[in-house]
Amino acid sequence: MPEAMTEPAEASHPRFLVAVLAFCGVVVAVMQTLVVPLLPHIPRLTGSTPTAASWLITVTLLTGAVCTPVLGRVGDMYGKRRVLLASLGVLAAGSVMCALSSHIGVLIAGRALQGAALAVVPLGISIMRDELAPERILPSVALMSSTLGIGAAVGLPVAALVVEHADWHIMFWASAGIGLLDIVLVLCFVPESPLRSRGHFDVLGTLGLTAALVSLLVAVTQGGDWGWTSVRTLGLLAVAVVAALLWGVYELRASSPIVDLRVSARPAVLLTNLAAMLIGFAFYANSLVTAQMVQEPTSTGYGLGASIVVSGLCLLPGGLAMVALSPVSARISARYGPKVTLALASAFMAVGYVVRFFTSHQLWTIILGATVVAAGTAIAYSALPALVMRAVPVGETGAANGLNTLMRSIGQAFCSAVVAAVLANITFQVGGHTAPTLHAYLLVFLIAAGAALLALIVTLCLPGRTAPVSTTVGQDRMTDAAERSPTALAREHA
């Protein structure tokens, strides 16, 4: 009897399993934002240029975007725990590289390895679906999905403290140590699921996806520096379009595609991924703008002249709100369905930006608005994987959630480009230097609110089916097993 046909018993220590996987997710999310407070100082510390320094962020985005769906698929095929351990090992290796060197090339290579570990989040979600009892799946997945936002909110103030009071290499030594601790915890408390999807690894599909994503994201992230109408930017966008079209044609014909486009084209999956991209856009604007806005000098008339540490701490209440609200999101989804949860979250984020639009003059009101947006993000991020899991077979959970995480990252990339363009072009001279005007920040809030409202519209267009999902998620294991019985497999082959 094939392994996929047996429903696995619940993990022997489910609480430890959830805690360990969530901790892994937070650590990976912290890695993504670790160098943000350090970026203004990198050219001086490494003897490089600001453009080269910006690649410390860009390269993690690129490797995370490529590796997240690919490693999710590899985990579905060859073992999720095995791939999870490999991802954490790559994170630790990248951290050690950054800790040992001040050369910008080595730092970029190390950050590339750290970015590849973003696949930990969809892998963790997939493991939870395989190992937990049905009633535990929804709240656990909600927490795992929210770790992307929680880690980002926690990582900024912690990194800022290190930048101000210690040698910056300590950040990377600490991240290497925590990465190794994660590996030990996974070995102790996370079992390997017997569930596997069949087929072979799609090498050509992976190369095509890589070419399309790298071309698109490099053009989006570097377009502001190169010029949006420059030959390089337009050329990369053209390559991205052509590569995506060729890749799509190939994937539709492949017997074991890296991304099942037929499943991804289902309205329930397609619209969920589109909503994820818009939510990622709306969430990232909150992180990008808050820290910079409060650090603007008081001479601008709106800035508070806050330190790097204070600006990072402004996001900490939002991170705490995300921890508190992920189980609330799970309860709403269990009672009314994740579609309702995501709709409420999108509306909540839009309200948060309205609050920010009218109250961006005092520190406490800035923190309040940022926390409201973060609370909406927590609820949204918790609902997204529940929507994905309702629409895909068990054997594609890792790949499907990897694609959903990728869409969030693409939304963040577009947000970074839009925010940079707005703040760079709507400026004025004050105190002998150029600064964004208050209207520039307010425009960003309006754009982010618009993205949240678009996410609300997309969510309302999702297929109905608002019944509680905890039972559905649990039952689909046996459904998948039945679908993959010898008789069914024979029919598929025929």
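Coordinates for the structure precede this section.
Undergrad: When you look at a nonpolar patch on the surface in this model, what are you seeing that I'm missing?
TA: A cluster of nonpolar side chains, Val418, Ile426, Leu443, Leu446 and Ile447, forms an exposed patch at the surface whose accessible area comes to about 330 Å². In terms of residue count, the dominant contributor to the nonpolar patch is helix 18 (residues 438-460) (3 residues). You can see Leu446 is positioned in helix 18. Leu446 sits in the partly exposed class, given a relative accessible area of 48%.

Undergrad: Can you help me understand empty space enclosed by the protein in this one?
TA: Where empty space is left becomes clear once a probe the size of a water molecule has been rolled over the atoms. Applying the stated criterion across every chain yields a total of 4 cavities of 30 Å³ or more. Quantified by volume, the largest cavity comes out at close to 90 Å³. Of all elements in the fold, only helix 7 (134-165), helix 12 (267-295), helix 14 (316-336) and helix 16 (363-391) reach the threshold of two or more residues within the lining of the largest cavity. Residue contributions to the lining of the largest cavity peak at 4 residues, all from helix 16. Class assignment of the residues belonging to the lining of the largest cavity gives a composition of 9 nonpolar, 6 polar and no charged.

Undergrad: Any chance you could explain the environment of Ser333 here in plain terms?
TA: Checked against the element boundaries, Ser333 lands in helix 14. Exposure remark for Ser333: the relative accessible area of 1% places this residue in the buried category. Spatially, the C-alpha atoms of Ser333 and Pro139 are 9.2 Å apart, while their sequence positions differ by 194 residues.

Undergrad: Can you help me understand the pairing of strand 2 (residues 433-436) in this one?
TA: In summary, the side chains of a regular strand alternate between the two faces of the sheet. Sheet topology note: the strand 1 (residues 427-430)/strand 2 ladder contains 4 bridges and is antiparallel. Each residue of the ladder has a partner; that of Val430, found in strand 2, is His433. The hairpin formed by strand 1 and strand 2 contains 2 residues between the paired strands, and Gly431 there has a positive phi angle of roughly 60 degrees.

Undergrad: Is there a simple way to think about the side chain of Ser87 in this case?
TA: Along the polypeptide, Ser87 turns up in helix 4 (residues 80-100). Setting aside residues up to four positions removed in sequence, Ser87 forms contacts with Leu71, Ala117, Ala119, Val120 and Leu123.

Undergrad: Just checking my understanding: could you explain the packing of aromatic side chains for this structure?
TA: For any pair of aromatic rings, the description consists of the separation of the ring centres together with the inter-plane angle of the planes. A full pass over the atoms with the stated rule returns 6 aromatic pairs. Aromatic pair Trp168 and Phe172: ring centres 6.3 Å apart, planes at 85 degrees, arrangement edge-to-face. We note that Trp168, like Phe172, is buried. Lying across the ring of Tyr381, Arg408 places its NZ or CZ 4.4 Å from the centre.

Undergrad: I tried to follow the packing of helix 9 (residues 203-226) against helix 10 (residues 231-253) on my own but got confused; where do I start?
TA: Between helix 9 and helix 10, the shortest axis-to-axis distance is 8 Å and the interhelical angle comes to 160 degrees. What the angle tells us is that helix 9 and helix 10 run roughly antiparallel. Here the hand of the crossing between helix 9 and helix 10 comes out left-handed. Residues Leu204, Gly205, Gly208, Leu209, Ala211, Ala212, Ser215, Leu216, Val218, Ala219, Gly223 and Trp226 of helix 9 form the contact with helix 10, whose participating residues are Arg232, Thr233, Leu236, Leu237, Val239, Ala240, Ala243, Ala244, Trp247, Tyr250 and Glu251. For the contact of helix 9 with helix 10, the class distribution of residues is 16 nonpolar, 5 polar and 2 charged.

Undergrad: Explain the environment of Gly248 to me, please; I cannot follow it from the model alone.
TA: Tracing the chain through its elements places Gly248 in helix 10. The buried category is assigned to Gly248, whose relative accessible area is 13%. Taking C-alpha positions, Gly248 is 21 Å from Asp76, a pair spaced 172 residues apart along the chain.

Rules of the game
Residues numbered from 1 in each chain as written. Predicted model: local features only at pLDDT ≥ 70, side-chain atom pairs only at ≥ 80, totals over all residues. Heavy atoms only, no water. Patch = residues over 30% accessible without salt bridge, like charges linked within 9 Å, V, L, I, M, F, W, Y side chains within 5 Å. Areas by Shrake-Rupley, 256 points an atom, 1.4 Å probe, with all protein chains shown as cover. Salt bridge = Lys/Arg side-chain N within 4 Å of Asp/Glu carboxyl O. Helix = DSSP H or I, 4+ residues; strand = E, 2+ residues; numbered from the N terminus. Buried < 20%, exposed > 50% of the residue type's maximum accessible area, 1.4 Å probe, protein only. 1 Å grid on protein atoms, 1.4 Å probe; cavity = no way out; pocket = protein on both sides within 12 Å on 5 of 7 lines; lining within 4 Å. Points joined across faces, edges and corners; volume = space filled by probe spheres on them. Nonpolar A, V, L, I, M, F, W, Y, C, P; charged D, E, K, R; others polar. Pairing = 2+ DSSP bridges. Contact = heavy atoms within 4.5 Å. Phe/Tyr/Trp six-rings, centres within 6.5 Å; stacked < 30°, edge-to-face > 60°. Lys NZ or Arg CZ within 6 Å of the ring centre and 35° of its normal. Axes fitted to C-alpha atoms, helices over the stretch in contact; angles between N-to-C directions. Parallel < 35°, antiparallel > 145°, perpendicular 65-115°, else oblique. Left-handed = near helix turned anticlockwise from the far one by under 90°.

Any functional reading would require information that these geometric values do not contain.
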